[in-house]
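For reference, the chains in residue letters:
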Amino acid sequence: MKQHSKQRIRGGSAVWAVAITSMAGFITALDNLIVTTALPSIREDLGGGLEDLEWTVSAYTLTFAVLLMFGASLGDRFGRRRLFAIGLAIFTASSAAAALAPGMNELIAARAAQGVGAAIVTPLTLTLLSAAVPVERRGAALGVWGAASGIAVAMGPLIGGTLTEHLSWQWIFWVNVPLGLALIPLALLRLNESHGPNPSLDLVGTVLASGGLFGIVYALIRGNAEGWTSTTVLGGFIAGTALLVGFVLYELRAKHPMLPMRLFRHRSFSAINAASLLMLLGMFGSIFLLSQYLQTVGGYSPMQAGVRMLPWTAMPMIAGPLAGALSDRIGGAPVVTAGMALNAVGLGLWALAVEPQVSYTALLPALIVCGIGMGMFFAPSANLVMSTVRPEEQGIASGANNAIREVGGAIGVASLAAVFSAQGGYGSASMFVDGLIPALWVGAGAVALAAAVALLMPRRRKADSATPGLALGDAPPAVTVAT
């Protein structure tokens, strides 16, 4: 009773918690896809080649993925409200730095810093929300929070295109600044401080994972420019792989591991995470190229391109609830598998339809099929992840799955762009299509492989009926699409 009164005096009401965390989730989710429709304008203004554009996207997703679970641990140790405000300050300042960037190198550095801020903010939105909202109202609160992030991802290309066309590409970053500046004092005044049960920090694991993933993504991005057998590229692959192996070995023996390897002993947990990585690899890499195709080849303005992406990016908001209801009836595994198969078909339809001159109506079936497939994948897959672990491990399992998805997105951009640049380029519409088609087939193959991996999951309805908790580090499915 005393604690309840204290919360009312501090103003840490459930309504304030929902509003603040939902808005914070909105701005960090928005930056997953808002940049995609601005890429041609950024390239025209700042110069640079394909690899610079890749880093503009991957610098954010990579730092976000690697530091996601570490950000949650920082909040547990030093105070969740305090770190939430610090994360917002980092995200806001780096957004301003991105808007003011005089060149590609400065923009990429600012995007990496944005990812650091987002990695701190995103998992703490859920723990702060969980602490402020009573259990009996938590489902509704989570629905509002998830809807805000889902809308951000769905509208990201449209918002980015509109701001780029009517103002400038810099405004896709400036838009975060007033929101961040408003949220920081509100968080400090209206949210209650809390700490987690495990204050340990896995610094060694974080460094090993960060270095390993950076080495592999760097090698993928530099492969065409320097040669796949060059010392730099081979060194990146070898060093990155060695560091990731070292990460696994260290996590097996660490007292407080960032990612407990024992979780992967469960066949369903391993299968859904492997499938998630492959799914995001194919889909995010494809979105990176297709958003540019609509402008570079299709001739659409940034805003028009964003509108035409909506059948894909917004469809999960319609298909997702239907997929959730269906998974309650037949289990999550077959729904997730069907969703991945539909995504592979959709990317194949894209590859068959793209030409230097093609009408939008010819592309519409591929957009719709991909959107339905994404909706069938994300909601049931989150439930599958949560149902494979004990309740006390749901936070770390959820954080791991979201991190793996973001890693898949970063690798997808690098690998599909490598295929694109090896076969085509920006020189003309026909050159762009020459590179795009094989890249889309690679993306379709990755997603088809994800569907095959998902078949390894046991078809047990019981596993899908568990209700996931409001877990530490759990991000809404939509957020990682677009990471």
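See the structure shown above.
The structure displayed is predicted, hence computed values, not measured ones. (Residues numbered from 1 in each chain as written. Predicted model: local features only at pLDDT ≥ 70, side-chain atom pairs only at ≥ 80, totals over all residues. Heavy atoms only, no water.)

On a plain count of helices and strands, the protein comes out with 19 helices and 0 strands. Out of the 483 residues belonging to the protein, those deemed buried represent 58%. (Helix = DSSP H or I, 4+ residues; strand = E, 2+ residues; numbered from the N terminus. Buried < 20%, exposed > 50% of the residue type's maximum accessible area, 1.4 Å probe, protein only.)

In this structure, L107, M279, F288, Y293, W312, M340 and W350 are the most contacted members of the largest nonpolar core, which totals 97 residues. Among the elements that make up this core, the one with the highest residue count is helix α12 (residues 267-296) (16 residues). Residues contacting F288, with those up to four places away along its chain left out, are L39, L50, L53, E54, V57, V413 and A417. Residues Y60, L74, L128 and A403 belong to the second largest nonpolar core, which totals 38 residues. (Core = buried A, V, L, I, M, F, W, Y, C linked by side-chain atoms within 4.5 Å. Contact = heavy atoms within 4.5 Å.)

Here we come to the packing of helix α4 (residues 50-78) against helix α5 (residues 80-99). Taken N-terminus to C-terminus, the directions of α4 and α5 make an angle of 150 degrees; their axes are 8 Å apart at the nearest point. Between α4 and α5, the interaxial angle falls into the category roughly antiparallel. The hand of the α4/α5 crossing is right-handed. Contact with α4, carried on its side by Y60, L74, G75, D76 and F78, involves R80, R82, L83 and F91 of α5 and no other residues of that element. Split by residue class, the contact of α4 with α5 holds 5 nonpolar, 1 polar and 3 charged. (Axes fitted to C-alpha atoms, helices over the stretch in contact; angles between N-to-C directions. Parallel < 35°, antiparallel > 145°, perpendicular 65-115°, else oblique. Left-handed = near helix turned anticlockwise from the far one by under 90°. Nonpolar A, V, L, I, M, F, W, Y, C, P; charged D, E, K, R; others polar.)

In this structure, R81 sits in helix α5. Buried R81, no salt bridge; nearest opposite-charge side chain is E193, N-O distance 4.3 Å. Within the structure, the side chain of R81 is placed 3.0 Å from the backbone oxygen of L191, a separation counted as a polar contact. (Lys, Arg positive; Asp, Glu negative; His and termini not counted. Salt bridge = Lys/Arg side-chain N within 4 Å of Asp/Glu carboxyl O. Polar contact = N/O pair within 3.5 Å; in protein donor to acceptor, adjacent residues only side chain to side chain.)

Turning next to the packing of aromatic side chains. Per the stated rule, a full pass over the model turns up 8 aromatic pairs. Ring centres of Y293 and F432 lie 6.4 Å apart, and the angle between their planes is 35 degrees; on these two criteria the pair is classed as tilted. Taken as a pair, Y293 in helix α12 and F432 in helix α18 (residues 429-454) lie far apart in primary sequence, 139 residues in all. In this pair, the class of Y293 matches that of F432, namely buried. In textbook terms, an aromatic cluster arises when at least three aromatic residues are bridged by ring pairs, as seen for Y293, W312, W350, F420 and F432. (Phe/Tyr/Trp six-rings, centres within 6.5 Å; stacked < 30°, edge-to-face > 60°.)

Next up on the list: the packing of α4 against helix α10 (residues 203-226). Axis separation between α4 and α10 bottoms out at 10 Å; the angle between their running directions is 165 degrees. The orientation of α4 with respect to α10, classified from their angle, is roughly antiparallel. Once α4 is placed against α10, the crossing between them reads as right-handed. Across the interface between the two elements, E51, E54, W55, L62, V66, L67 and F70 from α4 touch L203, T206, A209, S210, L213, F214, V217, Y218, I221, R222 and A225 from α10.

As a further point, take a nonpolar patch on the surface. A cluster of nonpolar residues, I151, M317, I318 and L322, forms a patch on the protein surface that exposes about 400 Å² of accessible area. When residues in the nonpolar patch are grouped by element, the largest group, 3 residues, is from helix α14 (residues 315-330). Examined against the element boundaries, I318 turns out to sit in helix α14. In this structure I318 comes out as exposed when scored by relative accessible area, which is 57%. (Patch = residues over 30% accessible without salt bridge, like charges linked within 9 Å, V, L, I, M, F, W, Y side chains within 5 Å. Areas by Shrake-Rupley, 256 points an atom, 1.4 Å probe, with all protein chains shown as cover.)

Turning to α10, a few remarks are in order. In an α-helix, one full turn covers 3.6 residues, which means residues spaced three or four apart are oriented alike. For α10, built from 24 residues, the straight-helix expectation of 34 Å at 1.5 Å per residue is met to within 8% by its first-to-last C-alpha distance of 33 Å. In α10, a bend of some 30 degrees at L220 exceeds every other bend along the element. Positive backbone phi, approximately 95 degrees, marks G227, located one or two places after α10. (Expected span 1.5 Å × (residues − 1). Bend = angle between axes of the 7 residues up to and from the residue.)

Moving on, we come to the environment of N176. Inspection of the secondary structure puts N176 in helix α9 (residues 176-190). It is 8.1 Å that separates the C-alpha atoms of N176 and A96, two residues lying 80 residues apart in sequence. Leaving out residues up to four positions away in the same chain, N176 has contacts with I27, D31, F91, S95 and Q114. Only 3.2 Å separates the side chain of N176 from the side chain of S95, close enough to count as a polar contact.

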